[in-house]
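A structural walkthrough
Listed here are the chains, written in short residue letters.
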Amino acid sequence: MYRYIIKRLLMVIPVLLSVAFIIYAIMDVAEGDPVYSVVSADASEEEIAAQREAMGLNGSLVERYFRYVKGMLTGDLGKSYVSKRDVMQTYLTRLPNTLMLSFVTMIVALGISIPLGIIAAVNQNSIKDTVSMIMALLGLSMPNFWLGLLLIIVFSLKLGWLPSGGYEDGIRSIILPAFTIGAGLAAFMTRSTRSSMLDVIRQDYLRMARAKGVPERKIIRKHALRNALIPIITVFGVQFSNVLGGSVLAETVFAWPGVGRLVVDAIDQRDIPTVTGALVMTTMLVTIVNLLIDIVYAYVDPRIKSQYVK
Amino acid sequence: MEKIKKALAFSLSLLMLLGAFGCTGGTADETSTPPPVSDATPNPESTLDVPDDVTYQDTITIGVANDITTLDPQGSNTDANMMAFILTHETLVEVDPETNEVIPGMAKSWKVSEDGCTFTFEIPDNVKFSDGTSCTASDVKYTYERARESSFTKTKVELVTDIQVIDNTHVSITIVKPSQEFLLLLAHQSMSILSEKLVTEDEFGYQIGTGRYQVEEWIPGDQISFVRSEYFYGEQAPTSRVVFRLIKEESSRLIALQTGEIDVCIDPLSTDLSYIEDDSALELIKIPNYVLLYLAINNERKGLDDVHVRKAIAYATDKASMIEVGYNGEGFVHDHWVNRGQFGWYDGLEAYGYDLEKAKAELALSPYKPGELKFRVIYNGTAKENMALVLQEDLAQIGIELELIKLETAALKGVLNDAALDYDLCLYQFTDNLGTDFTLRNQFGSYEEDGVLKKNGSNRANMKDPVYNAMIDEALVEQDPAKREQMYNDIEAYLNNIMPIVPIATSYINIGVKKGLSGVKWNGTAKHDYRYICLPVE
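Residues numbered from 1 in each chain as written. Chains lettered and ligands numbered in written order. Predicted model: local features only at pLDDT ≥ 70, side-chain atom pairs only at ≥ 80, totals over all residues. Heavy atoms only, no water.

Quick notes on the interface of chain B and chain A
Convention followed: Two residues form a contact once any of their heavy atoms are found within 4.5 Å. A 1.4 Å probe defines the accessible area here, and the buried area is the portion of it lost by two parts on being joined, summed over both. Salt bridges are identified by distance alone: a Lys or Arg side-chain nitrogen within 4 Å of an Asp or Glu carboxyl oxygen.
In this complex, chain B contributes 47 residues to the contact, which on the side of chain A involves 40 residues. The junction of chain B with chain A conceals about 3400 Å² of combined surface from both sides, 51% of it contributed by carbon and sulfur atoms. For the pair chain B and chain A, the interface holds 3 salt bridges. A salt bridge links Arg270 of chain A to Glu408 of chain B, with the shortest nitrogen-to-oxygen separation between them at 3.7 Å.

A closer look at the packing of helix 1 (residues 2-29) of chain A against helix 12 (residues 272-300) of chain A
Residue and element names in this part refer to chain A. Counted only if it meets this: Comment: axis = line fitted to C-alpha atoms, over the contacting stretch for helices; angle = value between 0 and 180 degrees taken between N-to-C directions. Under the scheme used here, helices are H or I runs from DSSP no shorter than 4 residues and strands are E runs no shorter than 2 residues, and both carry numbers assigned from the N terminus. For this classification, under 35 degrees means roughly parallel, over 145 means roughly antiparallel, 65 to 115 means roughly perpendicular, and everything else is oblique. Each crossing gets its hand from how the near helix is turned against the far one by less than a right angle, where anticlockwise is left-handed and clockwise is right-handed. Only Asp, Glu, Lys and Arg are considered charged in this grouping, and only Ala, Val, Leu, Ile, Met, Phe, Trp, Tyr, Cys and Pro are considered nonpolar; every other residue, Gly among them, is considered polar.
Orientation of helix 1 relative to helix 12, taken along the N-to-C sense of each, is 150°, at an axis distance of 9 Å. By the angle between their axes, helix 1 is roughly antiparallel relative to helix 12. Considering how the two elements wind past one another, helix 1 and helix 12 form a crossing that is right-handed. Contacts between helix 1 and helix 12 involve Tyr4, Ile5, Arg8, Leu9, Val12, Val15, Leu16, Val19, Ala20, Ile23, Tyr24 and Met27 from the former and Ile272, Val275, Thr276, Leu279, Val280, Thr283, Met284, Thr287, Asn290, Leu291, Asp294 and Ile295 from the latter. Grouping the constituent residues of the contact of helix 1 with helix 12 by class yields 18 nonpolar, 4 polar and 2 charged.

Here we look at helix 12 (residues 382-397) of chain B
Note on helix geometry: an α-helix contains 3.6 residues per turn, so any two residues three or four positions apart are oriented the same way. Residues and elements named next belong to chain B. Stated precisely, the cut-off is as follows: Between the first and last residue of a helix there are one fewer steps than residues, each counted as 1.5 Å, and that sum is the expected span. Only protein chains enter the calculation, and the probe is 1.4 Å; a residue is then buried if its accessible area is under 20% of its type maximum, exposed if over 50%, and partly exposed in between. Comment: arc refers to directions from the helix axis out to C-beta atoms.
Helix length check: helix 12 (16 residues) gives 23 Å between terminal C-alpha atoms against 22 Å at 1.5 Å per residue, within 8%. Along helix 12, the positions that sit buried rather than exposed are Lys384, Met387, Ala388, Val390, Leu391, Asp394 and Leu395. One side of helix 12 carries all its buried residues, which in axial view fall inside an arc of 160°. Along helix 12, exposed side chains directed more than 90 degrees from the buried face belong to Thr382 and Glu393.

As for the side chain of Gln239 of chain A
Residues and elements named next belong to chain A. Considering the arrangement of structural elements, one finds Gln239 in helix 9 (residues 216-244). Since its relative accessible area comes to 10%, Gln239 is described here as buried. Leave out the neighbours within four places in its chain, and Gln239 touches Met106, Leu185, Phe188 and Met189.

So, empty space enclosed by the protein
Residue and element names in this part refer to chain B. Here is the rule we go by: Computed over the protein atoms alone on a 1 Å grid, cavities are sets of points where a 1.4 Å probe fits but cannot get out and pockets are open sets with protein on both sides within 12 Å along at least five of seven lines; a residue lines them when it has an atom within 4 Å of a point. Grid points are joined across faces, edges and corners, and a volume is the space filled by probe spheres set on the points.
Enumeration according to the criterion identifies 2 cavities of 30 Å³ or more in this entry. Empty space within the second largest cavity amounts to approximately 30 Å³. Lining the second largest cavity are Ala314, Lys319, Asp335, Trp337, Tyr352, Asn496, Met499, Val502 and Pro503.

Observations regarding the pattern of salt bridges
All names here are of chain B. Tallied over the full model, the rule gives 31 salt bridges over all chains. A salt bridge links Lys406 to Glu385, with the shortest nitrogen-to-oxygen separation between them at 3.3 Å. A residue pair is termed long-range when its members are at least 10 positions apart, and Lys406 in strand 17 (residues 400-406) and Glu385 in helix 12 qualify at 21 residues. Classification of Glu385 by relative accessible area gives partly exposed; the value is 26%. Through salt bridges with shared partners, one network takes in Lys177, Asp437, Arg441 and Asp473.

Re the packing of helix 9 of chain A against helix 12 of chain A
All names here are of chain A. It is at 9 Å that the axes of helix 9 and helix 12 come closest, and there the two elements cross at 170°. With respect to helix 12, the element helix 9 is oriented roughly antiparallel. In this structure, helix 9 contributes Arg226, Leu229, Ile230, Ile233, Thr234, Phe236, Gly237, Phe240, Ser241 and Leu244 to the contact, and helix 12 contributes Thr282, Leu285, Val286, Val289, Asn290, Ile293, Val296, Tyr297, Tyr299 and Val300. By residue class, the composition of the contact of helix 9 with helix 12 is 14 nonpolar, 5 polar and 1 charged.

Looking at the layout of surface pockets
Approximately 1200 Å³ is the volume found for the second largest pocket. Looking at side-chain class alone, the lining of the second largest pocket contains 14 nonpolar, 12 polar and 17 charged residues.

Structural notes on the packing of aromatic side chains
Rules: Pairing of aromatic rings covers Phe, Tyr and the six-membered ring of Trp, with a centre-to-centre limit of 6.5 Å; geometry is then stacked below 30 degrees between planes, edge-to-face above 60, and tilted otherwise. In this scheme, the term charge over a ring applies when either NZ of a lysine or CZ of an arginine sits within 6 Å of the ring centre and within 35 degrees of the ring normal.
Scanning the model with the defined rule gives 21 aromatic pairs over all chains in all. A ring pair is formed by Phe119 of chain B and Phe121 of chain B, whose centres lie 6.5 Å apart and whose planes are at 15°; its orientation type is stacked. Assigned by exposure class, Phe119 of chain B and Phe121 of chain B land together as buried. Centre to centre, the rings of Phe332 of chain B and Tyr508 of chain B are 4.9 Å apart; their planes meet at 55°, and the pair counts as tilted. Separated by 176 residues along the polypeptide, Phe332 of chain B in strand 15 (residues 331-333) and Tyr508 of chain B in strand 21 (residues 501-514) bring together distant segments of the chain. Under the relative-accessibility criterion, Phe332 of chain B is labelled partly exposed at 27%. Joined through ring pairs, the aromatic side chains of Trp110, Phe119, Phe121 and Phe182 of chain B make up one cluster. Directly above the ring of Phe204 of chain B sits Arg85 of chain A, whose terminal nitrogen or CZ lies 4.8 Å from the centroid.

Notes on helix 6 (residues 144-158) of chain A
Between its terminal C-alpha atoms helix 6 of chain A stretches 20 Å, which fits the 21 Å expected from 15 residues at 1.5 Å a residue. Of the positions making up helix 6 of chain A, those classed as buried are Leu147, Gly148, Leu149, Leu151, Ile152 and Ser156 of chain A. Where helix 6 of chain A is buried, its residues touch helix 7 (171-201) and helix 10 (248-253) of chain A together with helix 7 (250-258) of chain B. Looking one or two places after helix 6 of chain A, you find Gly160 of chain A, whose phi comes out positive at around 70°.

Some remarks on the nonpolar core
Threshold: Take the buried Ala, Val, Leu, Ile, Met, Phe, Trp, Tyr and Cys residues and link them wherever side-chain atoms come within 4.5 Å; each set so joined is a nonpolar core.
In this structure, Leu295, Ile378, Leu440 and Leu495 of chain B are the most contacted members of the largest nonpolar core, which totals 66 residues. Considering every element that reaches this core, the biggest residue donor is strand 14 (residues 292-297) of chain B, with 6 residues. Contact partners of Leu440 of chain B, with chain neighbours within four places excluded, come to Trp337, Val338, Gly445, Tyr468, Ile472, Tyr488, Ile491 and Leu495 of chain B. Counting 60 residues, the second-largest nonpolar core is a separate cluster that includes Val19, Ile174, Leu244 and Trp256 of chain A.

Digging into unusual backbone geometry
Residue and element names in this part refer to chain B. The phi dihedral of Leu421 is positive, around 50°, even though this residue is not glycine. Looking at the secondary structure, you find Leu421 in the loop between helix 13 (409-417) and strand 18 (425-430). Leu421 gets classed as buried once you look at its relative accessible area, which sits at 12%. A positive phi angle is found at Ala526, which is not glycine, with a value near 70°. If you trace the backbone, Ala526 turns up in the segment after strand 21.

Description of the environment of Asp33 of chain A
Relative to the helices and strands, Asp33 of chain A is located in the loop between helix 1 and helix 2 (45-54). Remark: the alpha-carbon pair of Asp33 of chain A and Gln269 of chain A, spanning 236 residues in sequence, is separated by 9.6 Å. Sequence-distant contacts of Asp33 of chain A, defined by excluding residues within four places in its chain, comprise Arg52 of chain A together with Gly414 of chain B.

Some thoughts on the pairing of strand 21 of chain B
Residues and elements named next belong to chain B. Rules: At least two DSSP bridges between two strands are required for those strands to pair.
In terms of residue burial, strand 21 counts as a mostly covered element, since 13 of its 14 residues are buried. The sheet contact formed by strand 13 (residues 282-288) and strand 21 spans 7 bridges and is antiparallel. Bridged to Leu282 within strand 21 is Lys514. Pairing of strand 14 with strand 21, which is carried by 4 bridges, proceeds in the antiparallel orientation. Among the inter-strand pairings, Leu293 is bridged to a residue of strand 21, identified as Ala505. Relative to strand 21, strand 15 runs antiparallel, the two sharing 3 bridges. Bridging across to strand 21, Gly331 finds its partner in Ser507.

As structure tokens, then:
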């Protein structure tokens, strides 16, 4: 198992190098010279050339990439072209906000989707199933910026229970953005849970358990759900990775200073070090989450664990 | 209140005395400064509005739409940054946004030599930076010399030939030729005084100024907070902490004001203004802004190099409809070449009203037939996209085809600033209001280098006209205000005749505030002055 983990961790290195190169290449071909983000329209050609040199924009794409990688290997992600601040430091300022929002969002999503998915599957084609699926459809089809504004109007403006944005009020601040992002994820995960449960629920071993008189609640919780978990965990992993990358719309509506907004703002300003640094770090984070998900697979399903041990 | 009145009377008397000393004292070859000098308290109305028996909120939070990008005054020219520098730094002189007069800033007085080329400033001897170190005349010299190195500030000091530190409190600045607008340039926030010691010794030393506030914490992408500087030498600000909180989404920003999470909401959606008007706890402030929206025409492009084509485009531009779709009707048609309120505004200027028949007639005077001309128009943002659609429709009616290309802001700036100047038309804006010469020179002027005329940075028309250059040079040095005004009227008429760009509109700046908020100098350039902001505790 440990060898597997180390192997997966080593695989992170080429992934990060590739991500950095792809971002560098994309930013290189994108319209808009980064130099003009930091000089005025009155800059002379000499000034522009000097600024380009200072920003490390001289040389071919490959040369610049290797210069960046050299810094990256020592933990130096460079300095923002615009704010002149250390990219790593800026990223680390935003990361706790994103992590906190991601965790609470996933708790909300799981808290809604698992029970709702089970209820829908167990009561297939009943009114409960229909209501659950309608709720899931609503969650999927509602744009989250719109849902966010709606929640703000109700819970902040009308009822005055929760702040409309920012993060100064601790857990109270996180409820609305987490629910906004979580609602969409919950809808998707509800459908996955339902379909996964439906696959399992018809298996012979459950029929056998029922015939042996095992209570239905125990059958669902211990036998059906556990076996249905693998696809649910997969979906969870993918969704968690997405949330870690930042939900730009929700972050914008709730003025939540997360990684997503950092990246989008940096792209708008052609701030290549910030874009590259933030995305490399996010890639690393996502890779680690995926690894953790794989490890969870092993604990949920002994068959998978036995493969790792081999 | 009585105390404040007495204090004002005293300070006014003192200033009149200082002014009188400035006029009559000093060396024989010096005269008083040409621009009118107001009292030394930069914002007398605001401070007077502050009754002393009222308790004010400790912290005021301002919801802003744009993030601070740097705390180096010489490192950018965005409005968001400038508003921070007004709090943390000082300039030698300031401009009163209501009267456009130059008033004292850090310098308590100044004198101008008879030839109009040397300005001698006196700064108080107790000015301190917010870290407690003293600010002296040598810091002023350092600041202006550093300004030569930055592309954002070099044009403001390009006339300066010499800076002499006379003693700790006196510095003289010599310019190559008399300029009626030199002081206006020094009033720009990018010319805020920096500490030589701090800037040279500390990577971020530039963020420390002599202003009423100092930076408490800056979290890029989230907020920046300022606290009162304990070393400020003058009257303390009434509010101890000011926060600029970034809320990019307009509706969220307005809701934050309605819920009381912020005290000021900058630039709410124009469609949401009724929520402010209908709320008894809020107040809507509307000020006409100085941001000129215009259609930049690359005068060197084939087709656009013909004045009749440019005039045809001007006649076919339905400015009122563009304001309707772009600003939700919240704007004014702009036909002039200087900003509203600027010296030299020519009332008799003949406007190019929307008239498709005249447009067709102008096009008929050009060598091009309808259907022969096709141009690309570049722009950014949704408002300009809507305006571009109107323009496309109108120009199609006179036989000019437009291809619309929406770009991100950085990409748009890249295209406009690139030496290749690869664009035909662009919907763009010009913001600065540093004086008539600055506006006209930057937008339409050019300079000679190695015998070749090169356009100035913001000259998006790519206009290189030696006759025009001579006209603005002449007006800049003219000492007689009446003659100078006539010169600028003539320049407006000249530009109107060659139509290098199409001026389109200016709009309103809308601000929602909590009722009772006072002390802010709202500025048409969107660089609001929050030094005296205060809000009574409910």
